[in-house]
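# Structural features, examined
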Amino acid sequence: MSRIYGIIILLLAGFNSFSQDRIFRKNGEVLKVKITEIGVSEIKYKLFEEPEGPVYAIEKERLLKIVLENGRTEAYKTNLKDPELYIEQSKHAIKFNFLSPLFGHTWLAYEKSLKPGRSLELSLSLIGLGKDISSDDYYYDPSTNMSHQYSRNSAGAAVGFGYKFIRTPDFFSNTSVRFAHLLQGSYLKPVVYTGIYRENFIVEKGNIVTKEKKSIVYGTMMLELGKQWVVDNKLVLDMFFGFGYSLDNLRNTQYWNSYSDEYSAYHFTHMKIGRSPGLALNTGFKIGLLPRVR
C-alpha cells in the first residue's frame, strides 16, 4: 500500500508542476504563478501557492517570457529596431541650419529614415544667400596710399551626402511602452561635402594691390557627431559638430583676405585649417519640420 500511496503522491506532484504557469523576469527571477490575464502591456497573476490571494500585475517589458501550463511560450524581448513600432511616425524631415544666413549662406537639408537606426541626409548650401561676413572689412593699397572696402561677395553652391548611424531609439514606460521617434537620438554621420563658388580676393601684383574674382572648388570628408530631438512628430531640432579633411584649389600665398587663402579658408559648410588637405571643422543647429508623407 505504501508504494501505491507514493505513486499517487508523485502523480499529484507531477500534475501540480504542469498546472502552474511560470514568469521569467529579466533579472533572472522565475515566478510560479497562475496567470489570470494577458493584457497589451502587462500580465496579471496570482501566486501559485496562494490561489485565493491577491492579483498582481507586472509589465511585459520587465519579462523575458512566460510559459503557460499547457507548455505554450510567449517571449517579450523588445526589439527597438522593429519597423512596426514606428509605423505611425513620419520618416522624412526637412531642415534649415538656423545660423547659416549669418555666415553668408543658406543651408538646407533633407533626411529620410531607411530603417530604425539608419537614415540618409542630403544637404544644399546656397552660398551668397545670407549676410556678407566681410562687408565691413578694409584693405590697404600702397600704390594709392588709401584704404578700400573689401566685400567677399561670394556666390555659388555646395552639396552634402551623409549616412546617419542613429543610436537605437529610447523608450519610456508607465502602464505601457511608448517609443521615441525613430529619427531621434544621438548619431554618428560620415558625410561628404563638395562645392564651388566665386568671390573677391585681394591680390598683390608688384606694388599694386587689386581686387579680383576667383573660383574656388573644394571637397571634404567629415565625421559629424550630433543629437537630434523630435517634438510631437512635427518639429525636429538637430545639433552637431564635425571634423575631417578638406581639399581645395587655393595655392597662391599672395591672397590677403583671411577668409580664403592657402593656409585657411571658410568654405561655408566648414572651416579649413592648414594647407590643403587641411583639417576641417564645422558645427551647426538645424530646425525643421516632419511632413506627413503617405
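Residues numbered from 1 in each chain as written. Predicted model: local features only at pLDDT ≥ 70, side-chain atom pairs only at ≥ 80, totals over all residues. Heavy atoms only, no water.

### Considerations on the overall build of the protein chain
Test applied: Strands here mean DSSP runs of E at least two residues long; helices mean DSSP runs of H or I at least four residues long; both are numbered from the N terminus. Each residue gets one of three labels from its accessible area relative to the maximum for its type: buried under 20%, exposed over 50%, partly exposed in between, using a 1.4 Å probe on protein chains only. Contacts are residue-level and defined by heavy atoms, with any inter-residue pair within 4.5 Å sufficient. Accessible surface area values rest on a Shrake-Rupley calculation with a 1.4 Å probe, where residue burial reflects the displayed protein chains alone.
What the protein chain contains, in helices and strands, is one helix and 20 strands. Here the protein chain, with 294 residues, has 39% of them falling under the buried criterion. When contacts within the protein chain are restricted to residue pairs at least 6 apart in sequence, those whose partners lie at least 24 apart make up 58%. In the form shown here, the protein chain has an accessible surface area of approximately 16,800 Å², with 61% of it arising from carbon and sulfur atoms.

### Notes on the environment of Gly-278
If you trace the backbone, Gly-278 turns up in strand β20 (residues 278-289). Put simply, Gly-278 and Glu-262 are 16 residues apart on the chain and 9.8 Å apart in space, counted from C-alpha to C-alpha. Those residues in contact with Gly-278 that sit more than four places away from it in its chain are Gly-244, Tyr-245, Ser-246, Lys-272 and Ile-273.

### Comments concerning the pattern of salt bridges
Pairing between side chains of opposite charge can happen when their charged atoms approach one another. Basically, it comes down to this: Within this document, salt bridges are pairs made up of a side-chain nitrogen of Lys or Arg and a carboxyl oxygen of Asp or Glu, the two lying within 4 Å of each other.
One pass over the full model with this rule turns up 20 salt bridges. Glu-29 is the partner of Arg-25 in a salt bridge, and the nearest nitrogen-oxygen pair spans 3.4 Å. Overall, Glu-29 belongs to the partly exposed group, its relative accessible area being 35%. The residue Asp-248 makes a salt bridge to Lys-272 at a minimum N-O spacing of 2.9 Å. One end of the pair, Asp-248, is in strand β17 (residues 235-248); the other, Lys-272, is in strand β19 (residues 271-273), and 24 residues separate them in sequence. With relative accessibility at 1%, the residue Lys-272 sits in the buried group. One network of salt bridges, in which partners are shared, links Lys-95, Glu-111, Glu-121, Lys-164, Lys-189, Glu-224, Asp-238 and Lys-286.

### A closer look at the sheet that holds strand β2 (residues 30-38)
Counted only if it meets this: Should DSSP find at least two bridges between two strands, the strands are taken to pair. Simply put, an axis is a line fit to the C-alpha atoms, just over the touching stretch for a helix, and the angle between two N-to-C directions goes from 0 to 180 degrees.
Spatial ordering of the open sheet is given by β4-β3-β2-β1-β5-β6, a layout of six strands whose pairing is antiparallel. Both outer strands of the open sheet, β4 (56-59) and β6 (73-75), are each paired with one neighbouring strand and no more. Looking at each pair of strands side by side, their axes are set apart by 40° on average, direction ignored. For strand β1 (residues 21-25) and strand β5 (residues 63-67), the ladder comprises four bridges, and the chain directions are antiparallel.

### What to know about the packing of aromatic side chains
Heads up, the rule is: To pair, rings of Phe, Tyr and Trp, with the six-membered ring standing in for Trp, must have centres within 6.5 Å; the planes then decide the type, stacked if under 30 degrees apart, edge-to-face if over 60, and tilted in the middle. We call a charge positioned above a ring when the Lys NZ or Arg CZ atom is no farther than 6 Å from the ring centre and deviates by at most 35 degrees from the ring normal.
On inspection of all chains with the given rule, the structure shows nine aromatic pairs. With a centroid separation of 6.3 Å and an interplanar angle of 65°, the aromatic rings of Tyr-197 and Tyr-218 are classed as edge-to-face. Taken together, the residues Tyr-197 in strand β15 (residues 185-205) and Tyr-218 in strand β16 (residues 208-231) connect sequence positions 21 residues apart. The residues Tyr-197 and Tyr-218 share a single accessibility class, namely buried. Ring centres 5.2 Å apart and planes at 50° place the aromatic pair Tyr-266 and Phe-268 in the tilted group. You can call Tyr-266 buried: its relative accessible area is 15%. Following the ring pairs from residue to residue traces out a cluster consisting of Tyr-197, Tyr-218, Tyr-266 and Phe-268. Positioned above the aromatic ring of Phe-240, the side-chain terminus of Lys-286 is 4.9 Å from the ring centre.

### A few points about the confidence of the model for the protein chain
For clarity, the threshold we go by: For every residue, the pLDDT score states the predictor's confidence, bounded by 0 at the bottom and 100 at the top.
Mean pLDDT over the protein chain stands at 85; residues scoring 70 or higher make up 84%. This stretch, residues 10-18, has a pLDDT under 50; its non-local contacts, to residues over four places away or in other chains, come to two contacts. Overall, residues 172-177 carries pLDDT values under 50, and its contacts beyond four positions in sequence, including any with other chains, amount to 11 contacts.

### Brief notes about the nonpolar core
Applied cut-off: To define a nonpolar core, start from buried Ala, Val, Leu, Ile, Met, Phe, Trp, Tyr and Cys residues and group those joined through side-chain atoms within 4.5 Å.
Formed by 19 residues in total, the largest nonpolar core has its most connected members in Tyr-193 and Tyr-197. Put simply, the parts of the chain that give this core at least two residues each are β12 (155-166), β15, β16 and β18 (264-266). Counting residues in each nonpolar core, the second largest holds 11 residues, with Ile-23, Val-33, Ile-43 and Ile-66 among its members.

### Side note on the environment of Tyr-110
What counts here: Two N or O atoms count as a polar contact when they lie within 3.5 Å, although within protein this holds only if one can serve as hydrogen donor and the other as acceptor, and sequence-adjacent residues are included solely when both atoms are side-chain atoms.
Within the secondary structure, Tyr-110 is located in strand β8 (residues 105-115). Given the relative accessible area of 32%, Tyr-110 is considered partly exposed. Beyond its immediate sequence surroundings of up to four residues, Tyr-110 is in contact with His-92, Ala-93, Ile-94, Leu-120, Glu-121 and Leu-122. For Tyr-110, the side chain forms a polar contact with the side chain of His-92, separated by 2.5 Å.

### A short note on the side chain of Glu-121
Structurally, Glu-121 can be placed in strand β9 (residues 118-127). If sequence neighbours within four positions are ignored, Glu-121 has contacts with Lys-95, Ala-109, Tyr-110, Glu-111, Gly-160, Phe-161, Gly-162, Lys-164, Lys-189, Asp-238 and Lys-286.

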